[in-house]
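If you want the building blocks of each chain, they are given just below.
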Amino acid sequence: MELQKIECGKEDYMSILLLADPCIKMIKRYLTDGDLYIYQHGAVTAAVAVLYPLEDGGCELKNIAVLENLQGKGIGSAFLRLIMGEASKKFTHMLVGTTSQTQGFYKSLNFQYSHTIPNFFVDNYPEPIFENGIQCVDMRCFSIKL
Ligand SMILES: CC(C)(COP(=O)(O)OP(=O)(O)OC[C@H]1O[C@@H](n2cnc3c(N)ncnc32)[C@H](O)[C@@H]1OP(=O)(O)O)[C@@H](O)C(=O)NCCC(=O)NCCS
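Residues numbered from 1 in each chain as written. Predicted model: local features only at pLDDT ≥ 70, side-chain atom pairs only at ≥ 80, totals over all residues. Heavy atoms only, no water.

(A) Region of interest: helix α3 (residues 75-87). In this model α3 runs 18 Å from its N-terminal to its C-terminal C-alpha over 13 residues, within 8% of the 18 Å that 1.5 Å per residue would give. Among the residues of α3, Ile75, Gly76, Ser77, Phe79, Leu80, Ile83, Met84 and Ala87 are the ones counted as buried. In the core, the buried residues of α3 are packed alongside β2 (35-41), β3 (44-53), β4 (59-66), β5 (93-98), α4 (103-107) and β9 (139-145). (Helix = DSSP H or I, 4+ residues; strand = E, 2+ residues; numbered from the N terminus. Expected span 1.5 Å × (residues − 1). Buried < 20%, exposed > 50% of the residue type's maximum accessible area, 1.4 Å probe, protein only. Contact = heavy atoms within 4.5 Å.)

Here you go:
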């Protein structure tokens, strides 16, 4: 698997970015200044991720998504391991905000629970967000040293 960093035309990847974040306005906010990485498999963009620099020397994983029909095959974890390797050249740690539904993915990669931001998904999104029929309310943040 090889990572590609996208410098131009970042919005061309909007449809796959929307799998991890349903709000185009929010995505545009971090896409401009964030680093967009993709895993291109032939003609298919199989995975995307956006890293955003933090003021404390770390970075935040703002978005990570694997194409729906390729999920659950180990691509997301392999991709995120490569992203962490790349990020370790520039950043001290990686933070990620999750819903209670997706935290298992990060725990499986040794991210540690850091803190919770109450009502984040209610206060920051124009529409309620549901995952597997459950409304997302608080954001649970995990981090890992790079
Ligand atoms: C979350 C996502 C990136 C994971 O990628 P993936 O290729 O499906 O994950 P993998 O196959 O590498 O799975 C790795 C581990 O994480 C777990 N996992 C994967 N997706 C999960 C989810 N949504 N919830 C809980 N655990 C999950 C798997 O069970 C697996 O654990 P195991 O190694 O013990 O079997 C992918 O499912 C996705 O794009 N989901 C939609 C977008 C999204 O929710 N992004 C995250 C926003 S916070």
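(B) Expanded view of the sheet that holds β2. Ordered in space as β1-β2-β3-β4-β5-β9-β6, the seven strands form an open sheet in which the pairing is mixed. Single-partner strands in this sheet number two, and they are β1 (4-6) and β6 (112-117). Strand after strand, the sheet turns through a mean of 30° between neighbouring axes, direction not considered. Direction of pairing for β4 relative to β5: parallel, over a ladder of three bridges. Residue pairing in the sheet places Glu60 in a bridge with Leu95 of β5. (Pairing = 2+ DSSP bridges. Axes fitted to C-alpha atoms, helices over the stretch in contact; angles between N-to-C directions.)

(C) The arrangement of the site of the ligand in detail. Close to the ligand lie 18 residues; Val66, Gly72, Gly74, Gly76 and Ser77 are nearest. Within the backbone of Lys73, an N or O atom sits 3.3 Å from an oxygen atom of the ligand. At a separation of 2.6 Å, an oxygen atom of the ligand approaches a polar side-chain atom of Ser77. For the ligand, whose accessible area on its own is 880 Å², the fraction buried by protein is 66%. Among the residues making up the shell around the ligand, the classes are represented as eight nonpolar, nine polar and one charged. (Near = heavy atom within 4 Å. Polar contact = N/O pair within 3.5 Å; in protein donor to acceptor, adjacent residues only side chain to side chain. Areas by Shrake-Rupley, 256 points an atom, 1.4 Å probe, with all protein chains shown as cover. Nonpolar A, V, L, I, M, F, W, Y, C, P; charged D, E, K, R; others polar.)

(D) Representation of the environment of Ser77 within the structure. Looking at the secondary structure, you find Ser77 in helix α3. We classify Ser77 as buried; its relative accessible area is 19%. For the pair Ser77 and Thr99, spaced 22 residues apart in sequence, the C-alpha to C-alpha distance is 17 Å. Not counting residues up to four positions away in its chain, the partners in contact with Ser77 are Phe105 and Leu109.

(E) View of the packing of aromatic side chains. Within the structure shown, the criterion is met by six aromatic pairs. When the centroid spacing of 5.0 Å and the interplanar angle of 70° are considered together, the rings of Phe105 and Tyr106 count as edge-to-face. A relative accessible area of 7% means that Tyr106 is categorised as buried. An angle of 85° between the planes, with centres 5.3 Å apart, marks the rings of Phe120 and Phe121 as edge-to-face. (Phe/Tyr/Trp six-rings, centres within 6.5 Å; stacked < 30°, edge-to-face > 60°.)

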